[in-house]
Amino acid sequence: MTKINKAMTNTRVHDAARLGDRTYVELNESGIEDVHIDTLKTGVETHTNRLKAVIDETKGKSLLQLDDDQRDNTYRSLLYLNKGFLLHPDKTIREAANDVEQVLEKRGFELANMNYTAQSEADEALIRELKSEKLAPKVAILPSMQEVVDQLEADERKFQATQKAWLETKADDQLTQSASIYKLELMKYINDKVVTYLRAMQQINPEPYQQLITRISLLIDESNELVKSRQNNEEEIEASN
């Protein structure tokens, strides 16, 4: 008789989502005609999708920060590049850089520290000025300056697209709980509902459920081994410090 263990709840969030997905697949493909299995399948799917939605939202925030860092770096490059031209031996370049600097110094390095929306507005206003009839010829004189301005414009467009996608996802989901809470809810459902039911069927009517029990037992054991392996690695690191 296959022993079906309960899943360890201190698994990582992504591993829990994977266990949820694989458990759903096994329940869905079991071929067992049992209304309770259908209920369990729906419950696992619901809890897993909630957890995955939080993971996606967290990922979206991370991507948003990366895009913000990119536009910040490009903006700072613009500032540093122009400050170098202010000391250029060529008078024409120095004068063009001075005209550009009058626009840049109104924003300064503080622009990169603004909140997301304010920075987008400031970036767009700056780009419009640098591409205006008055300043565009000055920018063209400065080596590589136009390329940096174009890069800043591209970075800003990319940031706004990422922000739009993240806001739409957040608005659709309206998730307020953390991933760790949803993870625990999923693991509790698997342990208290799926495992408990399969244990009961193993005693009452084992034959139709045996293959499903074996498959889900293997999934849970694999998940638990990941937890144990991580714990052992962490203990080894602590011992070596």
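Calculation notes
Residues numbered from 1 in each chain as written. Predicted model: local features only at pLDDT ≥ 70, side-chain atom pairs only at ≥ 80, totals over all residues. Heavy atoms only, no water. Helix = DSSP H or I, 4+ residues; strand = E, 2+ residues; numbered from the N terminus. Rg over C-alpha atoms; globule rule 2.2 N^0.38 Å. Contact = heavy atoms within 4.5 Å. Areas by Shrake-Rupley, 256 points an atom, 1.4 Å probe, with all protein chains shown as cover. Lys, Arg positive; Asp, Glu negative; His and termini not counted. Charge placed at Lys NZ, Arg CZ, Asp CG, Glu CD. Buried < 20%, exposed > 50% of the residue type's maximum accessible area, 1.4 Å probe, protein only. 1 Å grid on protein atoms, 1.4 Å probe; cavity = no way out; pocket = protein on both sides within 12 Å on 5 of 7 lines; lining within 4 Å. Points joined across faces, edges and corners; volume = space filled by probe spheres on them. Nonpolar A, V, L, I, M, F, W, Y, C, P; charged D, E, K, R; others polar. Axes fitted to C-alpha atoms, helices over the stretch in contact; angles between N-to-C directions. Left-handed = near helix turned anticlockwise from the far one by under 90°. Expected span 1.5 Å × (residues − 1). Arc of directions from axis to C-beta. Phe/Tyr/Trp six-rings, centres within 6.5 Å; stacked < 30°, edge-to-face > 60°. Lys NZ or Arg CZ within 6 Å of the ring centre and 35° of its normal.

Quick look at the overall build of the protein chain now. Helices and strands together make up the secondary structure of the protein chain, namely eight helices and zero strands. Each helix and strand of the protein chain, ordered N terminal to C terminal, gives the series α-α-α-α-α-α-α-α. Computed over C-alpha atoms, the radius of gyration of the protein chain comes to 28 Å, more than 25% over the 18 Å expected from 2.2 N^0.38 for 241 residues, which places it beyond the range of a compact globule. A separation threshold of at least 6 residues defines the contact pool for the protein chain, and within that pool the share at least 24 residues apart is 80%. Total accessible area on the protein chain is roughly 13900 Å²; 50% of this is exposed by carbon and sulfur atoms. Positive and negative charge centroids in the protein chain, built from 32 and 43 side chains respectively, lie 2 Å apart.

Turning to the environment of Arg76, a few remarks are in order. Tracing the chain through its elements places Arg76 in helix H2 (residues 35-85). In this structure the C-alpha to C-alpha distance between Arg76 and Phe109, which are 33 residues apart in sequence, comes to 7.0 Å. Filtering out sequence-adjacent residues up to four positions away, Arg76 remains in contact with Phe109 and Ala112.

Before going further, it helps to examine the environment of Asp21. Here Asp21 shows up in helix H1 (residues 13-28). For Asp21, a relative accessible area of 31% puts it in the partly exposed group. Residues Asp21 and Thr48, spaced 27 residues apart in sequence, show a C-alpha to C-alpha distance of 6.7 Å. Those residues within four positions of Asp21 in sequence are excluded, and the remaining contacts are Thr48 and Lys52.

Another point: unusual backbone geometry. Phi is positive for Ser144, close to 70°, though the residue is something other than glycine. Take Ser144: it is sitting in the loop between helix H5 (136-141) and helix H6 (145-173).

Glancing now at empty space enclosed by the protein. Overall, the coordinates contain one cavity of 30 Å³ or more when judged by the stated rule. Of the voids in this model, the largest cavity is the one considered here, and its volume is about 70 Å³. Together, Asp15, Arg18, Leu19, Arg22, Leu219, Glu222, Ser223 and Leu226 line the largest cavity. When contributions to the lining of the largest cavity are tallied by element, the ones reaching two or more residues are H1 and helix H8 (206-240). Of the residues that constitute the lining of the largest cavity, the class distribution is three nonpolar, one polar and four charged.

Okay, the packing of H1 against helix H7 (residues 179-204) next. For the pair H1 and H7, the least separation of the axes is 10 Å and the interaxial angle reads 35°. H7 is crossed by H1, and the crossing has left-handed handedness. Contacts between H1 and H7 involve Val13, Ala16, Ala17, Leu19, Gly20 and Thr23 on the former and, on the latter, Ala179, Lys183, Leu186, Met187 and Ile190. Looking at the contact of H1 with H7, its residues break down into eight nonpolar, two polar and one charged.

If you check helix H4 (residues 116-130), its first and last C-alpha atoms are 21 Å apart, about what 15 residues at 1.5 Å a residue would give, namely 21 Å. For H4, the full list of buried residues reads Gln119, Ser120, Ala122, Asp123, Leu126, Ile127 and Leu130. Down the axis of H4, the sector holding all buried residues measures 165°, keeping them to one side. Away from the buried face of H4 by more than 90 degrees, exposed residues Glu121 and Arg128 are located.

Right, let's talk about the packing of aromatic side chains for a bit. Inspection of every chain in the model, using the stated rule, returns three aromatic pairs. For the ring pair Tyr80 and Phe109, a centre distance of 5.3 Å and an interplane angle of 50° mean the geometry is tilted. Of the two residues, Tyr80 is situated in helix H2 and Phe109 in the loop between helix H3 (91-104) and H4; the sequence distance between them amounts to 29 residues. Of the residues examined, Tyr80 reaches a relative accessible area of 54% and is grouped as exposed. An angle of 80° between the planes, with centres 6.4 Å apart, marks the rings of Tyr197 and Tyr209 as edge-to-face. Residue Tyr197 is located in helix H7, and its partner Tyr209 is located in helix H8; the two are separated by twelve residues in the primary sequence. As far as burial versus exposure is concerned, Tyr197 and Tyr209 are alike and both buried. Sitting above the plane of the Phe159 ring, Arg71 keeps its charged end 3.6 Å from the centroid.

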